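If you want the building blocks of each chain, they are given just below.
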Amino acid sequence: MTERQLREQEFKIARYRHLEREVTDPLAACLLHSIIEELEAELRRDMPDRHGPRG
């Protein structure tokens, strides 16, 4: 992922977190939470390792 794509992903996560706080339907909140978890996992996978190579 490029830096721009990383920022866009972070922005998308923030938008979904905001929606999760605002929604009143429990099912919608649960679905939004699942989406957030998936997006965060994707972000962690694609984020460059800032501490150098592992190993």
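Each remark here, short or long, concerns the structure printed above.
Quantities reported herein were computed from a predicted structural model and do not represent experimental measurements.

Caption draft 1: Structural view of the packing of helix H1 (residues 3–22) against helix H2 (residues 26–46). It is at 9 Å that the axes of H1 and H2 come closest, and there the two elements cross at 160°. With respect to H2, the axis of H1 lies roughly antiparallel. Like other packed secondary-structure pairs, H1 and H2 cross with a definite hand, here left-handed. Contacts from Leu6, Gln9, Glu10, Lys12, Ile13, Tyr16, Arg17, Leu19 and Glu20 of H1 reach H2 at Ala29, Leu32, His33, Ile35, Ile36, Leu39, Glu40, Glu42, Leu43 and Asp46. Partitioning the contact of H1 with H2 into residue classes produces 10 nonpolar, two polar and seven charged.

Caption draft 2: Layout of the pattern of salt bridges. Under the defined criterion, the tally for this structure stands at two salt bridges. For arginine 4, the salt bridge identified is with glutamate 8, shortest N-O distance 3.1 Å. Here arginine 4 and its partner glutamate 8 are both found in helix H1, four residues apart, which amounts to about one turn of the helix. Assessed through its relative accessible area of 41%, glutamate 8 is described here as partly exposed. A salt bridge links arginine 17 to glutamate 40; the shortest N-O distance between them is 2.1 Å.

Definitions and cut-offs
Residues numbered from 1 in each chain as written. Predicted model: local features only at pLDDT ≥ 70, side-chain atom pairs only at ≥ 80, totals over all residues. Heavy atoms only, no water. Axes fitted to C-alpha atoms, helices over the stretch in contact; angles between N-to-C directions. Helix = DSSP H or I, 4+ residues; strand = E, 2+ residues; numbered from the N terminus. Parallel < 35°, antiparallel > 145°, perpendicular 65-115°, else oblique. Left-handed = near helix turned anticlockwise from the far one by under 90°. Contact = heavy atoms within 4.5 Å. Nonpolar A, V, L, I, M, F, W, Y, C, P; charged D, E, K, R; others polar. Salt bridge = Lys/Arg side-chain N within 4 Å of Asp/Glu carboxyl O. Buried < 20%, exposed > 50% of the residue type's maximum accessible area, 1.4 Å probe, protein only.

The analysis is restricted to geometry; functional conclusions fall outside its scope.
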